[in-house]
Amino acid sequence: MATQHSRSAARMMMAPAVILLLGWMLVPLTMTLFFSFKKYLPLRGDSVANGLDWVGFENYVRFVGSSSFWPSIQATLVIVGGVLVITVVLGILLALLLDRPMWGQGIVRILVISPFFVMPTVSGLVWKNMFMDPINGLLAHLYKFFGAEPVQWLSQASLESIIMIVSWQWLPFATLILLTAIQSLDSEQLEAAEMDGAPVIKRFWHIILPHMSRAITVVILIQTIFLLSIFAEIFVTTAGAFGTKTLTYLIFQRVLESQNVGLGSAGGVYAIILANIVAIFLMRIVGKNLD
Amino acid sequence: MGQIVLNQVQKKFGDVEVIPPLDLTIEDGEFTVFVGPSGCGKSTLLRLIAGLEDVTAGSIQIDGKETSNLPPAKRGLAMVFQSYALYPHMTVRKNIAFPLRMAKLDQAEIDQRVANAAEVLNLTEYLDRRPGQLSGGQRQRVAIGRAIVREPAAFLFDEPLSNLDAALRVGMRLEISELHKRLATTMIYVTHDQVEAMTMADKIVVLNAGVIEQVGSPLELYRNPRNHFVAGFIGSPKMNFISGEAASDMNAHTIGIRPEHIEVSESAGEWTGVVGVSEHLGSDTFFHIHDTGLGDTLTVRADGEVGFKHGDKINLTPRTDMIHKFDDQGLRIGE
Ligand SMILES: Nc1ncnc2c1ncn2[C@@H]1O[C@H](COP(=O)(O)OP(=O)(O)O)[C@@H](O)[C@H]1O
Ligand SMILES: [Mg+2]
């Protein structure tokens, strides 16, 4: 990789991929930016062919001015934060458990991973109808069995419910990455710590957890990127009601329900900005683990 | 204090008996080396003493106290691992301080002991580096530092030098010997390298397939190997073994003679052969001699200036007082 020749060859080889990726990103980004400065209401007869009116920052002002904007930011951050905490904490515990030799290990591992293969729409519907339904849901039956009043999950504890569903989906990912991290730990380090007089909890705290910090960072970064844009789980359960309207969902409503492309595009630009703020923030906190 | 007594200690992994019941006493302050070929159970034996493996049967006493059911941390031993097993996210200072923090010593005491250990091991400059920024020899010293700060009853080393290059290995060998002289603490040192065993040990324990073949000082093992295995394992280059007529003439199944106990001459000798490969070390030359009519190739050591060339005829005379005789069981005969 070091010679002039091999470096320019490498550049040539990578060029198609880089160009494709750039186009992939730049075309939608440019279109979003373009529309966000235009009045574009297809139902009122606006169309690209007839030319769109330039409205300056009006869409941006209106998007932020809407009473749904700040609650949607808050809902987004609560969901992302909640899911991250749950998946990382449970992921670490599950990974520790799966790392122990046990009977039926292969099957258990496949079971643990399987939620990841269920499509978001399907898992949203399964949770909504099978578990959380206040009359026929399994959870309702369980509550009744113990003589308690069933919870109306999706209306009374809507955010918590969404967090639960999404966590269930992402827990396998976290577990898998953290499990490989635990397995890469040199067992002699643990034995050395044991001889040094560190009991189980301290071995976890001083040896295993620092060893996993890099993997935890990766889990947090990747999940944040995907969680900021969750949509299907909300669409099929609460449809954005009961305080579960995230920024993504708000944009969807502006574009498709209100048929206001310009306003939605301005929201999209805010979403990009939010994602970048969160990313920079996270990189700052955990970035020192990624050297 | 650190006398270690193993009594009928046995270890099985499932059905495989890696260590058949074995007795061994290691005296306080002794430098004991477990030596044997790879896979003979040296590490397993060390880990049994450390408490990292449970004994299948038998007892281990440290300072007269039964310890075979105690966890490793309660045995008062410190171990240096082959991979060093340093904590990569901690600085050298924190690595060395770790056992002291776990023992909940106060900070002043910890600082004091870490500084002392760093001083002894020439690590003072590196205290704020991470293990990843150190060379192999320095990492080795950190691992030793982490062991000595605890002031253990005994040190356990599992092939600590096998990841170092030859020159460093010689240096570290001396350092560990020095350390033993200074601390006068019991040390158990595992190696497959008989040179390390010979140069460092007060007492060598030769292991073969989990069985103790012989226990003794380096020179005892060199002079009076109890059997064929020990004779072949101790000494470098290996002892020459001759069976057949030459052996039965001496009423033995096999006779052994070390390369350094054979005289070479151009004119006359008991045996004759043809020089094959010669290895010139400067101080010594090792000749590999073929066609002696004694079976295998013989290795002989001669003075560095002795000049035989490939294909030359050579005459050999073994020193009769240095011939070892073994019976058909491989056991030593006589004396
Ligand atoms: N945890 C284990 N499970 C099963 N067999 C083992 C285990 N540890 C070691 N052994 C076996 O015990 C024998 C001795 O191993 P070891 O003590 O590591 O040898 P050495 O250190 O002398 O090279 C080997 O045959 C090895 O395969
Ligand atoms: Mg070993």
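No experiment lies behind these values; they were computed from the predicted model shown.

Novice: Describe the overall build of chain B, naming the residues involved and giving the relevant values.
Specialist: In terms of helices and strands, chain B carries 9 helices and 18 strands. Seen along its three principal axes, the alpha-carbon backbone of chain B occupies a region of about 75 × 45 × 30 Å. Counting all 335 residues of chain B, 51% fall into the buried class. Summed over its atoms, the accessible surface of chain B is roughly 15,200 Å², and 47% of this surface lies on carbon and sulfur atoms.

Novice: Provide a residue-level description of the site of ligand 1, including the pertinent values.
Specialist: All names here are of chain B. Ligand 1 sits among Phe13, Val18, Ser38, Gly39, Cys40, Gly41, Lys42, Ser43 and Thr44. Contact distances for ligand 1 include 2.6 Å between an oxygen atom and a backbone N or O atom of Gly39. A distance of 3.2 Å is found between an oxygen atom of ligand 1 and a backbone nitrogen or oxygen belonging to Cys40. Contact with the protein chains hides 55% of the accessible area of ligand 1, taken as 550 Å² for the molecule alone. The greatest single-element share of the shell around ligand 1, amounting to 3 residues, is contributed by helix 1 (residues 42-50).

Novice: Which residues make up the interface of chain B and chain A, and what values go with them?
Specialist: Listed as interface residues are 24 residues of chain B and, on the opposing side, 15 residues of chain A. Here chain B and chain A share an interface that buries about 1,700 Å² over both sides, 60% of which is from carbon and sulfur atoms. The largest contributions to the chain B side of the interface with chain A come from Tyr87, His89 and Met102 of chain B, which together make up 29% of the buried area. For the pair chain B and chain A, the number of links is 3 salt bridges.

Novice: Just give me the short version of the packing of aromatic side chains, but keep the residues and values in it.
Specialist: Under the criterion given, the structure shown has 31 aromatic pairs over all chains. Ring geometry for Phe63 of chain A versus Phe69 of chain A: centroids 5.7 Å apart, planes at 75 degrees, classification edge-to-face. Judged by centre distance (5.7 Å) and plane angle (10 degrees), the ring pair of Phe229 of chain B and Phe233 of chain B falls under stacked. Of this pair, Phe229 of chain B and Phe233 of chain B both sit in helix 8 (residues 228-233), 4 residues apart, which is roughly one turn of the helix.

Novice: Could you give an account of the confidence of the model for chain B, naming the residues involved and the relevant values?
Specialist: Residue and element names in this part refer to chain B. Per-chain confidence: chain B averages 92 in pLDDT, with 99% of residues scoring 70 or above. Across chain B, the secondary-structure element scoring lowest on mean pLDDT is helix 9 (residues 245-248), at 85, and the one scoring highest is strand 3 (residues 31-35), at 96. In the model output, the complex is listed with pTM 0.82 alongside ipTM 0.86.

Novice: If you had to explain the side chain of Asn59 of chain A to someone new, which residues and values would you point to?
Specialist: Residues and elements named next belong to chain A. Considering the arrangement of structural elements, one finds Asn59 in helix 2 (residues 58-65). Of the polar contacts made by the side chain of Asn59, one reaches the backbone oxygen of Lys38; its length is 2.8 Å. Ignoring any residue separated from it by four or fewer positions in sequence, one finds Asn59 in contact with Phe35, Ser36, Phe37, Lys38, Gly262, Leu263 and Ala266.

Novice: Can you break down the pattern of salt bridges residue by residue, with the values?
Specialist: What the rule picks out here adds up to 12 salt bridges over all chains. A salt bridge links Asp196 of chain A to Arg150 of chain B, with the shortest nitrogen-to-oxygen separation between them at 3.9 Å. Taken as a pair, Asp196 of chain A in the loop between helix 9 (187-195) and helix 10 (200-227) and Arg150 of chain B in the loop between helix 4 (136-148) and strand 7 (154-158) lie in two separate chains rather than in one. Note on accessibility: Asp196 of chain A and Arg150 of chain B belong to one class, buried. Of the charged contacts in the structure, one is a salt bridge between Lys203 of chain B and Glu30 of chain B, with a shortest N-O distance of 3.2 Å. Pair noted here: Lys203 of chain B is in strand 9 (residues 203-208) and Glu30 of chain B is in the loop between strand 2 (16-26) and strand 3, with a separation of 173 residues, a long-range link. Considered together, Lys203 of chain B and Glu30 of chain B belong to a single accessibility category, that of buried residues. Each of the salt bridges in this network shares a partner with another, and the network as a whole consists of Glu191 of chain A together with Lys11, Arg47 and Glu53 of chain B.

Novice: I'd love a proper account of the pairing of strand 2 of chain B, names of residues and values included.
Specialist: All names here are of chain B. Two strands pair when backbone bridges link them, and strand 1 (residues 4-13) and strand 2 are joined in this way by 7 bridges, in the antiparallel orientation. Within strand 2, the residue paired with Val9 across the bridge is Leu22. Taken together, strand 1 and the strand that follows it, strand 2, pair antiparallel across an intervening segment of 2 residues, in which Gly14 is found at a positive phi of about 65 degrees.

Novice: Tell me about a nonpolar patch on the surface, and please be specific about residues and values.
Specialist: Residues and elements named next belong to chain A. On the surface, Met13, Met14, Val18, Leu22, Met25, Leu26, Leu29, Leu33 and Ile272 cluster together into a nonpolar patch covering about 840 Å² of accessible area. The element contributing the most residues to the nonpolar patch is helix 1 (residues 4-36), with 8 residues. Turning to its location among the elements, Leu22 is positioned in helix 1. Judged by relative accessible area, Leu22 falls into the partly exposed class, the value being 44%.

Novice: Before we move on, could you go through the domain arrangement of chain B and cite the residues and values that matter?
Specialist: All names here are of chain B. Looking at chain B, the domain boundaries give domain 1 (4-231) and domain 2 (238-326). Computed from C-alpha atoms alone, the centre-to-centre distance between domain 1 and domain 2 is 38 Å. Taken residue by residue, the interface counts 7 residues in domain 1 and 8 residues in domain 2. Taking both partners together, domain 1 and domain 2 bury about 610 Å²; carbon and sulfur atoms supply 60% of that area. Three residues stand out in domain 1 for area buried against domain 2, namely Tyr222, His228 and Ala231, and they jointly supply 80% of the buried area on that side. On inspection of domain 1 and its partner domain 2, the count reaches 0 salt bridges. For the interface between domain 1 and domain 2, the tally reads 2 residue pairs in polar contact (both at pLDDT 80 or more). For the side of domain 1 that touches domain 2, the secondary structure elements donating two or more residues are helix 7 (218-223) and helix 8.

Novice: Account for the packing of helix 4 (residues 105-113) of chain A against helix 8 (residues 158-183) of chain A, naming residues and giving values.
Specialist: Residues and elements named next belong to chain A. Interaxial distance between helix 4 and helix 8 falls to 8 Å at its minimum, and their mutual angle equals 135 degrees. In terms of orientation, helix 4 and helix 8 fall into the oblique class. Of the residues in helix 8, those touching helix 4 at Arg109, Val112 and Ile113 are Pro172, Thr175, Leu176, Leu179 and Gln183. Residues of the contact of helix 4 with helix 8, tallied by class, amount to 5 nonpolar, 2 polar and 1 charged.

Definitions and limits used
Residues numbered from 1 in each chain as written. Chains lettered and ligands numbered in written order. Predicted model: local features only at pLDDT ≥ 70, side-chain atom pairs only at ≥ 80, totals over all residues. Heavy atoms only, no water. Helix = DSSP H or I, 4+ residues; strand = E, 2+ residues; numbered from the N terminus. Buried < 20%, exposed > 50% of the residue type's maximum accessible area, 1.4 Å probe, protein only. Areas by Shrake-Rupley, 256 points an atom, 1.4 Å probe, with all protein chains shown as cover. Near = heavy atom within 4 Å. Polar contact = N/O pair within 3.5 Å; in protein donor to acceptor, adjacent residues only side chain to side chain. Contact = heavy atoms within 4.5 Å. Buried area = accessible area lost by both parts, 1.4 Å probe. Salt bridge = Lys/Arg side-chain N within 4 Å of Asp/Glu carboxyl O. Phe/Tyr/Trp six-rings, centres within 6.5 Å; stacked < 30°, edge-to-face > 60°. pLDDT = per-residue confidence, 0-100. Pairing = 2+ DSSP bridges. Patch = residues over 30% accessible without salt bridge, like charges linked within 9 Å, V, L, I, M, F, W, Y side chains within 5 Å. Domains from an automatic or database assignment. Axes fitted to C-alpha atoms, helices over the stretch in contact; angles between N-to-C directions. Parallel < 35°, antiparallel > 145°, perpendicular 65-115°, else oblique. Nonpolar A, V, L, I, M, F, W, Y, C, P; charged D, E, K, R; others polar.

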